[in-house]
Amino acid sequence: MSKLSQQEEKELISFIKDWLKSYGFTQKDLAYELNIKSSRTSEIILKIKDLYKKGGMFNIAKNLIKIEQNWIENIKNDYPETNQTPPYNQLDIDSLVNQINQDTNK
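Residues numbered from 1 in each chain as written. Predicted model: local features only at pLDDT ≥ 70, side-chain atom pairs only at ≥ 80, totals over all residues. Heavy atoms only, no water.

### Here we look at the overall build of the protein
Secondary structure summary: the protein contains 4 helices and 0 strands in total. Each helix and strand of the protein, ordered N terminal to C terminal, gives the series α-α-α-α. Burial status across the protein gives 20% buried among its 106 residues. Across the protein, every contact between residues at least 6 apart in sequence was considered, and the portion connecting residues at least 24 apart equals 60%. When the accessible surface of the protein is totalled, it reaches about 8600 Å², and 51% of it is carbon and sulfur. (Helix = DSSP H or I, 4+ residues; strand = E, 2+ residues; numbered from the N terminus. Buried < 20%, exposed > 50% of the residue type's maximum accessible area, 1.4 Å probe, protein only. Contact = heavy atoms within 4.5 Å. Areas by Shrake-Rupley, 256 points an atom, 1.4 Å probe, with all protein chains shown as cover.)

Here is the structure:
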């Protein structure tokens, strides 16, 4: 594969920074997922360039998607769903009061 142009590199870095912000993650989190030791932008760029050499933009996208899926899965696991009954609304309370009144009048 050919090299990333400077414009493509700038756009990728801008995208990655926005992408990280949208999930509330940092470059350190991304570095961990990319299996690199440093979270410096220059090291992340080197890894992105390496991914590009091995398969172009498709390979970069595939790896970022895999990371995003991992993060989403971890977010789901951190917040287990609970089967809580929703709080009563006014109609439910009125219905309960009516039922109580009927029961006490019997």
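### Some details on the environment of Tyr23
When you line up the elements, Tyr23 lands in helix H1 (residues 6-23). You can call Tyr23 partly exposed: its relative accessible area is 27%. Distance from Tyr23 to Ile75, taken between C-alpha atoms, is 9.9 Å for residues 52 residues apart in sequence. What Tyr23 contacts, discounting residues up to four positions off in sequence, is Glu68, Ile72 and Ile75.

### Some thoughts on the packing of aromatic side chains
By the definition in use, this model includes 4 aromatic pairs. Here the aromatic rings of Phe15 and Trp19 are separated by 6.5 Å at their centres, their planes lie at 10°, and the arrangement is stacked. Of this pair, Phe15 and Trp19 are both found in helix H1, 4 residues apart, which corresponds to roughly one turn of the helix. Ring plane angle 50° and centroid distance 6.4 Å describe the contact between Tyr23 and Trp71, whose orientation is recorded as tilted. Within this pair, whereas Tyr23 is found in helix H1, its partner Trp71 is found in helix H3 (residues 41-78), the two being separated by 48 residues in sequence. Among the residues examined, Trp71 registers a relative accessible area of 3% and is labelled buried. Through a chain of ring-to-ring contacts, three or more aromatic side chains come together here, namely Phe15, Trp19, Tyr23, Phe25 and Trp71. (Phe/Tyr/Trp six-rings, centres within 6.5 Å; stacked < 30°, edge-to-face > 60°.)

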